[in-house]
Amino acid sequence: MIKSIENLGAWVLDVLDQTGRTSLMLLEAIWEILQPPYRFYPIVRQMYFIGARSLTLIIFSGITIGMVLGLQFYNILQRFGSVDLLGSGVALGVIRELGPVMTALMVVGRAGSSITAELGIMRITEQVDALECMAVSPDKFLIAPKVVAGILSVPLLTMVFDFVALYGGYFVGVIMFGVAPGSYMNGMIDAIEMPDVRLGLVKSLIFGGLVTLIACSRGFYIHLTRAGSQGAEGVSSATTDAVVLSSIGVLFADFLIGALMK
Amino acid sequence: MTPDNPNAITIRDLVVDYGPRRILHSVNLDIPLGQIMVIMGQSGAGKSTLLRCILGLKKPSSGSIHMLGTDIATATRKEIYDVRKHIGVAFQGGALFSSMTVAENIQLPLREHTNLDDKTIEIMTRIKLDMVDMLPAEHLMPAELSGGMTKRAALARAIIMDPKLLFFDEPSSGLDPSTAAELDQLIITLKNSMGMTIVVVTHELDSIFKIADHIAVVHQGNILETGTPQQITASTNPEIQGLLNRKPRENIVDADAHLRRLTGGF
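Residues numbered from 1 in each chain as written. Chains lettered and ligands numbered in written order. Predicted model: local features only at pLDDT ≥ 70, side-chain atom pairs only at ≥ 80, totals over all residues.

Where do I start with the overall build of chain A in this structure?
In terms of regular secondary structure, chain A is built from 9 helices and 0 strands. Along chain A, helices and strands appear, N-terminal first, in the series α-α-α-α-α-α-α-α-α. The long-range share in chain A, meaning contacts at least 24 apart out of those at least 6 apart in sequence, stands at 87%. (Helix = DSSP H or I, 4+ residues; strand = E, 2+ residues; numbered from the N terminus. Contact = placed C-beta atoms within 7 Å.)

Looking at this structure, how should I read helix α9 (residues 231-260) of chain A?
Turn by turn, an α-helix covers 3.6 residues, leaving residues three or four places apart pointing in a common direction. Residue and element names in this part refer to chain A. In a regular helix each residue adds 1.5 Å, so 30 residues correspond to 44 Å; α9 covers 42 Å between its end C-alpha atoms and thus fits that length. What α9 keeps buried is the set Val235, Ala238, Thr239, Ala242, Val243, Leu245, Ser246 and Val250. Looking at the buried residues of α9, the elements they touch are α4 (86-124) and α8 (194-220). (Expected span 1.5 Å × (residues − 1). Buried ≥ 20, exposed ≤ 12 C-beta atoms within 10 Å, placed from the backbone.)

When you look at the confidence of the model for chain B in this model, what are you seeing that I'm missing?
Low-confidence regions, as indicated by low pLDDT, have predicted coordinates that should not be scrutinised in detail. Taken residue by residue, chain B gives an average pLDDT of 90. The fraction at 70 or more is 95%. Taken together, the chains of this predicted complex give a pTM of 0.86 and an interface ipTM of 0.87. (pLDDT = per-residue confidence, 0-100.)

Mind showing me how you'd approach the sheet that holds strand β10 (residues 222-227) of chain B here?
Strand pairing in a sheet relies on backbone hydrogen bonds. The paired strands run either parallel or antiparallel. All names here are of chain B. Strand order in this open sheet of 6 strands is β6-β7-β8-β3-β9-β10, and the pairing throughout is mixed. Each edge of the open sheet is held by one strand with a lone partner, namely β6 (87-90) and β10. In this sheet, adjacent strand axes meet at a mean angle of 15° when their direction is disregarded. Of the pairings in the sheet, the one linking strand β9 (residues 214-219) to β10 comprises 5 bridges and is antiparallel in character. Paired with Ala216 across the strands is Thr226, a residue of β10. Running over the sheet, helix α5 (residues 147-159) touches β6 and β7 (165-169) and is turned about 170° from β6. Docked against the sheet, helix α6 (residues 177-194) engages β3 (36-41), β7 and β8 (197-202), running at close to 160° with respect to β8. (Pairing = 2+ DSSP bridges. Axes fitted to C-alpha atoms, helices over the stretch in contact; angles between N-to-C directions.)

Which parts of the structure should I look at to understand the interface of chain A and chain B?
One widely used convention gives an interface's size as the accessible area the parts lose upon coming together. Listed as interface residues are 10 residues of chain A and, on the opposing side, 15 residues of chain B. Of the residues contributing to the side of chain A that touches chain B, the split by class is 5 nonpolar, 2 polar and 3 charged. (Nonpolar A, V, L, I, M, F, W, Y, C, P; charged D, E, K, R; others polar.)

Would you mind showing me how to read the sheet that holds strand β5 (residues 70-71) of chain B here?
Residue and element names in this part refer to chain B. With antiparallel pairing, 4 strands are arranged side by side in an open sheet as β2-β1-β4-β5. Lying at the two open borders of the sheet, with one neighbouring strand each, are β2 (21-32) and β5. In the sheet, strand β1 (residues 7-18) pairs with β2 via 8 bridges, with the strands oriented antiparallel. By the bridge assignment, Val16 is partnered in β2 with Leu24.

How do you make sense of unusual backbone geometry when you look at a structure like this?
Generally, phi is negative for residues other than glycine and the peptide bonds are trans, each holding for most cases. Of note in this structure, Glu126 of chain A is not a glycine but carries a positive phi near 65°. When you line up the elements, Glu126 of chain A lands in the loop between α4 and α5 (127-133). Judged by the 20 C-beta atoms lying within 10 Å of it, Glu126 of chain A is buried. The backbone of Asp133 of chain B shows a phi angle near 60°, a positive value even though the residue is not glycine. With respect to the helices and strands, the residue Asp133 of chain B is situated in the loop between α4 (118-131) and α5. For Asp133 of chain B, a count of 14 C-beta atoms within 10 Å gives the class partly exposed.

Right under this line is the structure:
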């Protein structure tokens, strides 16, 4: 019994420790990015890695999810004779919820995991120490470009996801089941209002920062965890942790933002 | 480092704890200016921890480390960064950035700390690469280098800013005797030609007596003795003699107690 309480206490302390470290990392990254010299190329390079190289995955998953959504909504709406609402349903579902959440989850799987692995390997092979010894701030050189690129890339990817998902819904509703194109498009345009777009944008901005920050933190601070002394296996386990934590973080943040901005 | 202080680094009463374990016990050490100081000792003696403290990578529990006029133990991050602009470090595994070519690795400190144009940076890089005999490898990636080439590339990066102090962590470990000897010669050349103060952490005896002006022997977190190679060789300390004569550590074991420990008293 006492052992269980001890373990719970240790776990809570560990979670608080990690949350504190990650928050400090965010503050230091923001502080460092505001200090001269200002370098944009590292951010562009990270945007290429997080954004451009995730594009195929985002397009494929966007179309697929749009088609699934179109199919399910069509089946439900058909029972009530309201297939004219298909465009509204798909658009609201994609822009308010699925677009930002699915895009963030795809970025977690593709870019988040490799960010953790990259930083974890850099840490255990003394590359981070080497940067420190060259008086180059790892926060400015490694962390800040990744976090800024995440904050900028995820909203852009979300726009792409939304666009192709809406087209996926259109394909199923209009081309496969014969819903009138005007009805689908007008329903979509009528249903979407500025607060819906704003909600989607805010979510994607926050998710972008959140997933890159968690990925950076798990890799960068790997030496402070048990994984840090386990070499390649440790990097692998830190990567898994980062993906799990980021995914849970995205889903929980989705609920919080949805509740606060309803 | 003042006119009345001939030391590049002065360490006083340095204590380092990792949790409940004491790694360094009140270490005192003076590293003279413009000389090669070798910190030697067995594996686990505390050499690397001492180096990490000097470099500001590990905060000591107490004590002071004065390097280039700054107490690294109590300095702010900015003050430590200011000192680090005047030092170079060649890590044991090289610590080259795997996503950059050898040349890009070497150029990094110049690009971060100077406003030199690309052409000048390229010329300076080639000069340093030539010094370490690595010019043909400038466009290679770190993964394409051999162990010796990696160490030489790391050395070129460490000296690109013409540092006042140069640190080596196990420079000849994992190298064949001939490559290790070349690296030793390079260290001596750097001291003679550039007047650098060089600190080498190693346990390779062949290298130690070839390059050292001064030696500090670390044993179980203490500095056992410091002196010239001749003084260390003449030491009567049994631990030092054991190290120099490559004698295995003596483990005097109470057989009964040892058996109880192994079996948990079963």
